[in-house]
Every structure is written in structure tokens, then in C-alpha cells.
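Results of the structural survey
Each chain, letter by letter, is given below.
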Amino acid sequence: NFLEQRNFSKVRTHHEMNWEGTSVHRPPLPSGFDIRSFRIGDELLLTQLQNDAFNQSWGFCPNTVEEIAYRTKLSRCDPDGIIFITKDTEAAAYCWTTSSESPNQVVGVISMTGVSPSYRGLGLGQIVLLEGMRHLSNQKGARTIELSVDSENRPALLIYKSAGFQVASDTIWYERNLSR
């Protein structure tokens, strides 16, 4: 009410989702595809894939290679936790994970998961998500994994729910049109 009384309108809702567990098994890959982690020199590949995957998404602003290179070097980012599904030399899907550690626990985060438009409908989104979860759970020791997803992104919601994620809370986005 506070925002709406000030001419703000609700434009989007994001679900904050959590998964809890002890391990994730490696999913089978379709024939001809491989899984690998990020390597130095993959900055352009990751930038192009991320921009292609989210090009039509609400609120997405294309990234530059320099921005992606910077983010891959942040302390919470583990290059092994940026996972690609590839076919030959082409990147088909990715899952970018991060984690935060305290003395008592590791919390994993699925930062972004995307599939190239030319590879959608093959089940790669679920496979790369499970591989990211496997990395966080099995290699990092995370027992809780978090993510945020646009409530209108039905394909992503189905994938996350089928992997065991549950909605924990919502973030509501408001905007106000400013006239000159």
C-alpha cells in the first residue's frame, strides 16, 4: 500500500527458493554432449551464452566480457562451479554457482542457469542445474542451496521444483514512471 499510494505499481514477483539435501547424483547427458567447468579464456563464451539465454528476459541487461571476467574472479566465485554443457565447441547451457561459507555451514547459490535458444527443449536446463547442485552439494559441502527466479518463468519453475526446490519467500518489484 505504501508504494502504491506513491504511484508505484507492482511489475514482477521473484520467488526465493531453497533446496535442502545431502547429495545430488550426476544426471545422464544426451548423446553428443559433454559437461565441463569454466576455464580461463571462457569469458567470451560465457558472456555470449548468458546474453543469448536471457536476451528476452524481463530486467536483463546484456553483459560485457569485462563484466563477466570481473565476476569470475570474485571471492565467492569458484571457476569449477561455472558449469557448461557443450556440443563440440559450442556452449549449449550453463549453470553459474557461488557459495558462502561460515564456520558452521556452506550455503550454495545457483546464481544463473541458462540454455541457448537453439538448444532449448532437450532437457539441458534440468541437467545443468543438477550438475550445479551436485558441485555445490558434493564438492563444496552445501546442505542448503538457494536461488531466485521470476515467478512468470514457468519452464524454470518446473525445473527447480522437480529438482526439489521450494518457495521460501517472494521479492516483489515495483516501479514508478517518472515524467519530466
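The paragraphs below set out a description of the structure included in this document. Being a predicted model, the structure only gives us computed values, none of them experimental. (Residues numbered from 1 in each chain as written. Predicted model: local features only at pLDDT ≥ 70, side-chain atom pairs only at ≥ 80, totals over all residues. Heavy atoms only, no water.)

**Notes on helix 1 (residues 43-54)**
Given 3.6 residues to a turn, an α-helix orients residues that are three or four positions apart in the same direction. Compared with an ideal rise of 1.5 Å per residue, which puts 12 residues at 16 Å, helix 1 spans 17 Å between its outermost C-alpha atoms and is within 8% of the ideal. Residues of helix 1 that are buried: E43, L46, T47, L49, Q50, N51, A53 and F54. On its buried side, helix 1 packs onto helix 2 (65-72), strand 3 (77-87), strand 4 (90-101) and strand 5 (106-115). (Helix = DSSP H or I, 4+ residues; strand = E, 2+ residues; numbered from the N terminus. Expected span 1.5 Å × (residues − 1). Buried < 20%, exposed > 50% of the residue type's maximum accessible area, 1.4 Å probe, protein only. Contact = heavy atoms within 4.5 Å.)

**A look at the packing of aromatic side chains**
Evaluated as defined, the whole model comprises 3 aromatic pairs. Summarising the aromatic geometry, the rings of F54 and F60 are spaced 5.7 Å apart at their centres and angled 35° between planes, so their arrangement reads as tilted. Here K87 stacks its cationic end above the ring of F33, 4.8 Å away from the centre of that ring. (Phe/Tyr/Trp six-rings, centres within 6.5 Å; stacked < 30°, edge-to-face > 60°. Lys NZ or Arg CZ within 6 Å of the ring centre and 35° of its normal.)

**Overview of the side chain of T47**
By the element assignment, T47 lies in helix 1. By relative accessible area, which is 4% here, T47 ends up buried. Not counting residues up to four positions away in its chain, the partners in contact with T47 are N63, T64, V65 and I68.

**Some remarks on the pairing of strand 5**
Summarising burial for strand 5: 8 of the 10 residues are buried, a large majority. By the bridge criterion, 9 bridges tie strand 4 to strand 5 in an arrangement that is antiparallel. Residue pairing in the sheet places A93 in a bridge with V115 of strand 5. Hairpin connection, strand 4 to strand 5: the antiparallel pair is bridged by 4 residues. In this structure, strand 5 lies alongside strand 6 (residues 144-150), joined through 3 bridges in parallel fashion. When the bridges of strand 6 are listed, V107 appears paired with T144. Note on the crossover from strand 5 through helix 3 (residues 124-139) to strand 6: the handedness is right-handed. (Pairing = 2+ DSSP bridges. Right-handed = clockwise from strand over helix to strand, strands pointing away.)

By themselves, these figures tell us nothing about what the structure is for.
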